[in-house]
There are 4 protein chains.
Amino acid sequence: MIKAGIIGATGYAGAELVRLLTAHKNVEIVWYGSRSYIDKRFSEVFGNFFNIVDEKCLDDNMDELSKMADVIFTATPQGFCSSLVKEDILKNTKIIDLSADYRIKDVDIYEKWYGLKHPTPEFIKEAVYGLCEVNRESIKNARLLANPGCYPTCSTLSIYPLLKEGIIDASTIIIDAKSGTSGAGRGAKVNNLFCEVNENIKAYGVATHRHTPEIEEQLSYAAGEKVLLNFTPHLVPMNRGILVTAYASLKKKVSYGEVKSIYESYYKDETFIRLLDENVCPETRFVEGSNFVDINFKIDERTNRIIMMGAIDNLIKGAAGQAVQNMNIMFGLDETEGLMQLPMFP
Amino acid sequence: MIKAGIIGATGYAGAELVRLLTAHKNVEIVWYGSRSYIDKRFSEVFGNFFNIVDEKCLDDNMDELSKMADVIFTATPQGFCSSLVKEDILKNTKIIDLSADYRIKDVDIYEKWYGLKHPTPEFIKEAVYGLCEVNRESIKNARLLANPGCYPTCSTLSIYPLLKEGIIDASTIIIDAKSGTSGAGRGAKVNNLFCEVNENIKAYGVATHRHTPEIEEQLSYAAGEKVLLNFTPHLVPMNRGILVTAYASLKKKVSYGEVKSIYESYYKDETFIRLLDENVCPETRFVEGSNFVDINFKIDERTNRIIMMGAIDNLIKGAAGQAVQNMNIMFGLDETEGLMQLPMFP
Amino acid sequence: MIKAGIIGATGYAGAELVRLLTAHKNVEIVWYGSRSYIDKRFSEVFGNFFNIVDEKCLDDNMDELSKMADVIFTATPQGFCSSLVKEDILKNTKIIDLSADYRIKDVDIYEKWYGLKHPTPEFIKEAVYGLCEVNRESIKNARLLANPGCYPTCSTLSIYPLLKEGIIDASTIIIDAKSGTSGAGRGAKVNNLFCEVNENIKAYGVATHRHTPEIEEQLSYAAGEKVLLNFTPHLVPMNRGILVTAYASLKKKVSYGEVKSIYESYYKDETFIRLLDENVCPETRFVEGSNFVDINFKIDERTNRIIMMGAIDNLIKGAAGQAVQNMNIMFGLDETEGLMQLPMFP
Amino acid sequence: MIKAGIIGATGYAGAELVRLLTAHKNVEIVWYGSRSYIDKRFSEVFGNFFNIVDEKCLDDNMDELSKMADVIFTATPQGFCSSLVKEDILKNTKIIDLSADYRIKDVDIYEKWYGLKHPTPEFIKEAVYGLCEVNRESIKNARLLANPGCYPTCSTLSIYPLLKEGIIDASTIIIDAKSGTSGAGRGAKVNNLFCEVNENIKAYGVATHRHTPEIEEQLSYAAGEKVLLNFTPHLVPMNRGILVTAYASLKKKVSYGEVKSIYESYYKDETFIRLLDENVCPETRFVEGSNFVDINFKIDERTNRIIMMGAIDNLIKGAAGQAVQNMNIMFGLDETEGLMQLPMFP
């Protein structure tokens, strides 16, 4: 059994990790970390775990935890994980960091967009960006894994093959993304109250959202050149789900079949990526509760653009599910272990 | 492998059966019946099954199906299953009927409340009412199983022990129930459109809802006398979940501990029933996606009444999950097989 | 023009008062009180008022306000208004208190249920309970008006005529109520976050909710005897609306027509009470955005009970609208002035 | 009093017309047309009008209606109004058509995108496109008014000034729009059921939505050249509201102040257009229930693009409200008459 510790277990992503790992046949959770709820039973904080998880929440002691755990998941605010990582810990255990601390290779960009001084930039180079379908080989030997952001996961997987194959013009990419409210976290903020979110849609972080440079970096690898793009997230009155609608100009005339072939050449063996049938638009309801990414596209000959669409469950493929997928890869397990829940609809 | 056929696979309960049975390690689905979608791929009707279920929908041919299947689930409107059941079929296969056709032992009551002539009353006596936690022994040998209604499951399990033990006055029971909209089915009706249901709550079927006699019959067995009660369902703007708030007068002064002990004596070994801690009210979000029933109660000394509360996922414990639980019992499998999904929140 | 000051203008009820009074042709708002947002423009807190209300929020200074205002609305937590009321203020201005401070005549009951020491019990006797359709005459001369709670308004109006006319047994009343989330206020609490409320229904405050004694007192006046009852509120995933489903045993056999006549004799001239047609259940969507109360009932001959149902918009007839209705009465205006917005659906 | 007839009164836009016109001091509704509900009381179809509107629904007889009414509103499917308009009718009455029949000047484009043969193209030239803030002068004398689509209203108003002033590159416009579900109408379709829409977001009509050529035509007038653009609508789980997020490349370097000045020069005297403060994103909740359009923008210097955002209530400014605004202009009334409802939040 892999002994896993979770720091930040009482956020939405942390609790989803608990849910997935509790049902994972190779894992035992040894630490439910939550500074806000120390000594409170985890199932009092998340009533769905009543009679299932009896443990109490513990403080965030990464040193102690590193001696007990084979892997530590940090589902914590930016700057937390990076303030604690050190060689002594990484010698004992693997770290899967769900925050953004080690996702961006250029520390200046990280510090500029996040407004933080990175405390341990010396580990950035070693950290592996855990977008499983793209970086599988590097993930296998990672000690420190940077689990991708929710928007970057959905955006990058939707666009990557077409950019890599030179079909679309990298300078024309516009990503319009929509997210359920669990992406905003469980903090007690007026803006996230039911009455504020319900019956509303709004954009936020326009031209300034911190997932922008993360997406740009990953797509730059695909393009082989520096990519700048527009990324606009929106808040949708639903619990879970991210939908990405991405636009780009085509560099040449392509047929539906050609584009489909490109996607298939990248993803046809990927368990968690589903390339939908022609003219079927991805919908978040059909991936909810699963680790799937539903992808499709539409060519608009009138404007010579292509519209790329992707849908994920932000808490699973966009956070906890991908973290488990990374763990599976890192520990040599079947990559789908513990992740084959079928999407639940309605 | 148990070969299972589903008639009515494209309703919400039917699709949930597909989801549960697809993940069930002892079951193979051999028939996706749907008169409305004959020859259409099941995954075109329910996009969550894309790449998971490739089969097409078939017509409702119970005779043919009975030769192929070890068990037939009928998730169909009232009057359908009962019009087709015959000895020849029951010799070949077991039937788990999710409709109300065989739930009520008194055919006059059935015909009065449902406004239907029962076509095969000769099978009513044989049919076993599949409330697993109450009728487990009879279920084991059932050929024809009447799967309980969603409201009756939640209502009966919440009230049963206190009535059986003579704590509450059977003549004072009032059940005020609230259900998510999936309980209204997938028919294209104006009343169930998003804009009609969202931002609204209403009672419906007041004093006339057809689950009333079903609850009354089950509670009559507990009381040892004929029970008449009020049952008022309400439609709530959410997808899944039933909450029951039931009221009754106490027949004698009892303490919290005494009542708790009674519930425990009935349910403490039941995997799917969770007796919550004192003062914790059941919430549908904490059972959503699972086969659990969360139960609790509150004594009001001022009025000498007790408030009994229960919560279930109407599509799982209230329909497909309980059907699978019954199948497990009928086929001698571990009763929890395929049903241990943890509740998904948020 | 009536000069009105609002203390607590940035809660949901306070903002609804702003909305109604801004559109009221006889009123000018002179004070947008909000301790949390002092010096912030009101329209920054509630973006719907952008370009409509330009004023800034002010501190809660009731002495100063009493010199400027003809009427002060206090939409504040329990204990606030009662801590400031004094004869000097009431000599200058009228007070309409939306909190519970002066609703309950028996100060011991108030102090017990609210867990507060009442600071100015000497004003309780003078205060008029502002249930307009019942207490219209006393309201006309009130200086200090206790605006009824949202649940008590809907509950009392639904039950009052039948109790007053001796049709129902006062000892058997059970009120099962459901409310939208705006009733929980705009405080930043985890329990009221979108993801916690959405896709959920729960009871709360079972047998302990503080609106219980308020309802009991009002119904006791109708019954002419002390009424004890059960009141169970539930939280519904919608913004606005309260639905009351109330149960009582009939004291004698009555027909539909007899009961209908009783309701009509009390309410047929009431602009804001709509007695629905037979078998039509009140729905919150059909009163949303209005000051209407929709009422109906169903006799259940099987159990000899009657089910009484009422629906209101909790922020309007349940709070700000009734406060304005009371103001209209107190100032001799047309009672419906500023309150004839039609319900908005969908 | 203006006598108004409504054909299609029992759709969501039709019912909103009823709501607005009922409260309009210069209007009397003389015809509640609804082929689906002939002889049924309008308030049985829309319960919010109980006790307010007592009339029954009538068949669609435009000839007869034209003799009674000063203005006819057609809130009907495409092809209906155009099949009935004739000179005899227009001599008697004015027509405000909420369908798309007369919005597009090039009949070939209409017929191609709508898949219909236009029955009366001879009236297209005369018809005035009723985007009030742009075409006010022509509207004054219109006999046949084409009321703009919901998406086109929000899109065009958000983009028009910048395009007209040559700030943005017309060939780069991408409009990503999001709508509440009332925009999908009140037809009984599975896709619009509560459980299908709730907890979901999806794009639809990608590169094929019929509002595309309408937006392109209006923006072409602004650009002085033919505009082709991408328009992608999305369905959001809420009742009302449209949010437009539009992207375009800047033709030259501009400052925030310069762009703001352009918007102000077009809209500063417009009652219904609110230019929000810097960095405040439009939100549909803050215009719900009103005729307002909230507009703002953000310059992204990194990509040299501008993001233009607009929010409306799709049933008011996007349909019935703008129709009333057009009626006010056509009849020489104050343009805001009957339209000054404040946005209702929450």
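Parameters and conventions
Residues numbered from 1 in each chain as written. Chains lettered and ligands numbered in written order. Predicted model: local features only at pLDDT ≥ 70, side-chain atom pairs only at ≥ 80, totals over all residues. Heavy atoms only, no water. Least-squares fit on C-alpha atoms with pLDDT ≥ 70 in both. Contact = heavy atoms within 4.5 Å. Domains from an automatic or database assignment. Buried area = accessible area lost by both parts, 1.4 Å probe. Salt bridge = Lys/Arg side-chain N within 4 Å of Asp/Glu carboxyl O. Polar contact = N/O pair within 3.5 Å; in protein donor to acceptor, adjacent residues only side chain to side chain. Nonpolar A, V, L, I, M, F, W, Y, C, P; charged D, E, K, R; others polar. Buried < 20%, exposed > 50% of the residue type's maximum accessible area, 1.4 Å probe, protein only. Helix = DSSP H or I, 4+ residues; strand = E, 2+ residues; numbered from the N terminus. Pairing = 2+ DSSP bridges. Phe/Tyr/Trp six-rings, centres within 6.5 Å; stacked < 30°, edge-to-face > 60°. Lys NZ or Arg CZ within 6 Å of the ring centre and 35° of its normal. Expected span 1.5 Å × (residues − 1). Core = buried A, V, L, I, M, F, W, Y, C linked by side-chain atoms within 4.5 Å. Axes fitted to C-alpha atoms, helices over the stretch in contact; angles between N-to-C directions. Parallel < 35°, antiparallel > 145°, perpendicular 65-115°, else oblique. Left-handed = near helix turned anticlockwise from the far one by under 90°.

### Re the relation of the copies chain C and chain B
Stage number 1. If you rotate chain C by 180° and push it 0.0 Å along the axis, it lands on chain B with an RMSD of 0.0 Å. Both chain copies can therefore be described as sitting about a two-fold axis. Every residue of chain C has its C-alpha some distance from the rotation axis, and the shortest such distance is that of Pro-237 of chain C, at 3.3 Å.
Stage number 2. Mapped onto chain B, 100% of the interface residues of chain C are again interface residues, and the two copies thus contact each other with one and the same surface.

### A word on the domain arrangement of chain A
Residue and element names in this part refer to chain A.
Stage number 1. When cut into domains, chain A gives domain 1 (2–126) and domain 2 (151–314).
Stage number 2. One C-alpha centre belongs to domain 1, the other to domain 2; they are set 27 Å apart.
Stage number 3. Tallying the contact residues gives 14 residues for domain 1 and 14 residues for domain 2.
Stage number 4. Interface of domain 1 and domain 2: buried area, both sides summed, is about 1,300 Å²; carbon and sulfur atoms make up 52% of it.
Stage number 5. Sorting the residues of domain 1 by area buried against domain 2 places Tyr-12, Arg-103 and Trp-113 first, and these three jointly supply 50% of that buried surface.
Stage number 6. Between the two partners, domain 1 and domain 2, sit two salt bridges.
Stage number 7. A salt bridge links Arg-240 to Glu-16; the shortest N-O distance between them is 2.7 Å.
Stage number 8. In this assembly, domain 1 and domain 2 are joined by five residue pairs in polar contact (both at pLDDT 80 or more).
Stage number 9. Tallied by class, the residues present in the side of domain 1 that touches domain 2 amount to eight nonpolar, two polar and four charged.

### What about the pairing of strand S13 (residues 305–312) of chain D?
Residues and elements named next belong to chain D.
Stage number 1. Among the eight residues in S13, eight count as buried, and that is most of the element.
Stage number 2. Here S13 shows a buried face lined by Arg-305, Ile-307, Met-309 and Ala-311 and a second buried face lined by Ile-306, Met-308, Gly-310 and Ile-312.
Stage number 3. Pairing of strand S10 (residues 242–249) with S13 involves eight bridges; the strand directions are antiparallel. Across the sheet, the residue bridging to Leu-243 is Ala-311, located in S13.
Stage number 4. Sheet topology note: the strand S12 (residues 293–300)/S13 ladder contains eight bridges and is antiparallel. Residue pairing for S13: Ile-299 is matched across the bridge by Ile-306.
Stage number 5. A loop of four residues connects S12 with S13, the two strands running antiparallel in sequence, and Asn-304 in this loop sits at a positive phi of about 60°.

### Structural notes on the sheet that holds strand S12 (residues 293–300) of chain A
Strands pair in a sheet through their backbones, by hydrogen bonds, and they do so in one of two ways: parallel or antiparallel.
All names here are of chain A.
Stage number 1. Strand order across the open sheet formed by seven strands is S8-S9-S7-S10-S13-S12-S11, with mixed pairing between neighbours. Either end of the sheet is taken by a strand with one partner, and the two such strands are strand S8 (202–203) and strand S11 (273–275).
Stage number 2. By the bridge criterion, three bridges tie S11 to S12 in an arrangement that is parallel. In the sheet register, Leu-275 faces S12, and the bridge partner there is Ile-295.

### A short note on the relation of the copies chain A and chain D
Stage number 1. Expressed as a screw transformation, the operator carrying chain A onto chain D has a rotation angle of 180° and an axial translation of 0.0 Å, and the superposed copies differ by an RMSD of 0.0 Å.
Stage number 2. Looking at the interface residues of chain A, 100% of them are also at the interface in chain D, so both copies use one shared face.

### Quick notes on the packing of aromatic side chains
Stage number 1. Within this structure, the stated rule accounts for 58 aromatic pairs over all chains.
Stage number 2. A centroid spacing of 6.3 Å and a plane angle of 75° characterise the contact between Tyr-160 of chain A and Tyr-266 of chain A, whose relative ring orientation is edge-to-face. Remark: Tyr-266 of chain A occurs in helix H11 (residues 256–267) and Tyr-160 of chain A occurs in helix H8 (residues 150–164); sequence separation between them is 106 residues.
Stage number 3. Among the residues examined, Tyr-160 of chain A registers a relative accessible area of 11% and is labelled buried.
Stage number 4. Geometrically, the ring pair formed by Phe-42 of chain B and Phe-46 of chain B is stacked, given 5.7 Å between the ring centres and 25° between the ring planes. Accessibility assignment for this pair places Phe-42 of chain B and Phe-46 of chain B in one class, buried.
Stage number 5. An aromatic cluster of at least three residues, connected via ring pairs, comprises Tyr-12, Tyr-32, Phe-42, Phe-46 and Phe-49 of chain A together with Phe-286 and Phe-345 of chain B.
Stage number 6. Looking at Arg-186 of chain B, its charged tip hangs above the ring of Phe-46 of chain B, at a distance of 4.2 Å from the centre.
Stage number 7. The cationic tip of Arg-274 of chain D hangs over the ring face of Phe-292 of chain D; the distance from NZ or CZ to the ring centre is 4.3 Å.

### Some details on the pattern of salt bridges
Where charged atoms of side chains with opposite charge meet at close range, the side chains can pair.
Stage number 1. Following the criterion strictly, the structure yields 100 salt bridges over all chains and no others.
Stage number 2. With its nearest N and O atoms 3.9 Å apart, the salt bridge here joins Glu-111 of chain B to Lys-117 of chain B.
Stage number 3. You can call Lys-117 of chain B exposed: its relative accessible area is 68%.
Stage number 4. One salt bridge in this structure joins Asp-294 of chain C and Arg-274 of chain C, with 2.7 Å as the shortest N-O distance. Highlighted residues: Asp-294 of chain C in strand S12 (residues 293–300) and Arg-274 of chain C in strand S11 (residues 273–275), separated in sequence by 20 residues.
Stage number 5. What makes Asp-294 of chain C buried here is its relative accessible area of 2%.
Stage number 6. According to the relative accessible area criterion, Arg-274 of chain C is buried, its value standing at 1%.
Stage number 7. What emerges from the salt-bridge pattern is a single network uniting Glu-16, Arg-19, Arg-240 and Asp-313 of chain A.

### Section: the side chain of Asn-198 of chain B
Stage number 1. Along the polypeptide, Asn-198 of chain B turns up in the loop between helix H9 (194–197) and strand S8 (202–203).
Stage number 2. Among the residues examined, Asn-198 of chain B registers a relative accessible area of 6% and is labelled buried.
Stage number 3. Separated by 3.0 Å, the side chains of Asn-198 of chain B and Glu-199 of chain A make a polar contact.
Stage number 4. Leaving out residues up to four positions away in the same chain, Asn-198 of chain B has contacts with Glu-199 of chain A, Pro-237 of chain B together with Phe-194, Met-238 and Asn-239 of chain D.

### Describing helix H10 (residues 211–223) of chain D
Residue and element names in this part refer to chain D.
Stage number 1. Over its 13 residues, H10 extends 18 Å from the first C-alpha to the last, a length consistent with the 18 Å expected when each residue adds 1.5 Å.
Stage number 2. Counting buried positions along H10 yields 11 of 13 residues, so the element is predominantly enclosed.
Stage number 3. Restricting attention to buried positions, one finds in H10 the residues His-211, Thr-212, Pro-213, Glu-214, Ile-215, Glu-216, Glu-217, Gln-218, Leu-219, Ser-220 and Ala-222.
Stage number 4. Elements in contact with the buried residues of H10: helix H6 (107–114), strand S5 (128–129), helix H7 (132–140), helix H8 (150–164), strand S7 (174–179) and strand S9 (230–235).
Stage number 5. Of the residues flanking the end of H10, it is Gly-224, one or two places downstream, whose phi is positive at about 70°.

### Concerning the interface of chain C and chain B
Stage number 1. With 49 residues of chain C at the contact, the number on the chain B side is 49 residues.
Stage number 2. Taken over both partners, the interface formed by chain C and chain B buries close to 4,100 Å², and the fraction arising from carbon and sulfur atoms is 54%.
Stage number 3. At the boundary of chain C and chain B, one finds six salt bridges.
Stage number 4. Here Glu-196 of chain C and Arg-285 of chain B are joined by a salt bridge, their closest N and O atoms 2.6 Å apart.
Stage number 5. Taken together, the links from chain C to chain B amount to 32 residue pairs in polar contact (both at pLDDT 80 or more).

### What to know about the interface of chain A and chain D
Stage number 1. The interface of chain A with chain D comprises 49 residues on the first partner and 49 residues on the second.
Stage number 2. Between chain A and chain D, roughly 4,200 Å² of surface is buried when both sides are summed, and carbon and sulfur atoms account for 54% of that area.
Stage number 3. Counting every contact that joins chain A to chain D gives six salt bridges.
Stage number 4. A salt bridge links Glu-216 of chain A to Arg-302 of chain D, with the shortest nitrogen-to-oxygen separation between them at 2.5 Å.
Stage number 5. For the pair chain A and chain D, the number of links is 32 residue pairs in polar contact (both at pLDDT 80 or more).
Stage number 6. Within the residue set of the side of chain A that touches chain D, elements represented by two or more residues are strand S7 (174–179), helix H9 (194–197), S8, helix H10 (211–223), strand S9 (230–235), strand S10 (242–249), S12 and strand S13 (305–312) of chain A.
Stage number 7. In terms of residues, the side of chain A that touches chain D owes the most to one element, S7 of chain A, which gives four residues.
Stage number 8. A per-class count over the side of chain A that touches chain D returns 22 nonpolar, 13 polar and 14 charged.

### So, the pairing of strand S2 (residues 27–33) of chain C
All names here are of chain C.
Stage number 1. Most of S2 is tucked away, with six of its seven residues classed as buried.
Stage number 2. In the sheet, strand S1 (residues 2–7) pairs with S2 via six bridges, with the strands oriented parallel. What sits directly across from Ala-4, in S2, is Ile-29.

### Observations regarding the sheet that holds strand S7 (residues 174–179) of chain B
Stage number 1. With respect to topology, seven strands assemble into an open sheet ordered S8-S9-S7-S10-S13-S12-S11 (chain B), the strand pairing being mixed. In this open sheet, the two edge strands, each paired with only one partner strand, are S8 and strand S11 (273–275) of chain B.

### Re the nonpolar core
Stage number 1. Among the nonpolar cores identified, the biggest contains 218 residues, and Phe-73 of chain A, Phe-73 of chain C together with Phe-73 of chain D are the most heavily contacted of them.
Stage number 2. Those residues in contact with Phe-73 of chain A, other than ones at most four positions away along the chain, are Ala-4, Gly-5, Ile-6, Ile-7, Leu-17, Leu-21, Ile-96, Leu-98, Ala-323 and Met-327 of chain A.

### Description of the packing of helix H8 (residues 150–164) of chain B against helix H10 (residues 211–223) of chain B
Residues and elements named next belong to chain B.
Stage number 1. Interhelical geometry of H8 versus H10 gives an angle of 20° and a closest axis separation of 9 Å. Taken together, the axes of H8 and H10 lie roughly parallel to each other. For the element pair H8 and H10, the recorded crossing hand is right-handed. Contacts between H8 and H10 involve Cys-150, Tyr-151, Pro-152, Ser-155, Thr-156, Ile-159, Tyr-160, Leu-163 and Lys-164 from the former and His-211, Glu-214, Ile-215, Gln-218, Leu-219, Ala-222 and Ala-223 from the latter.

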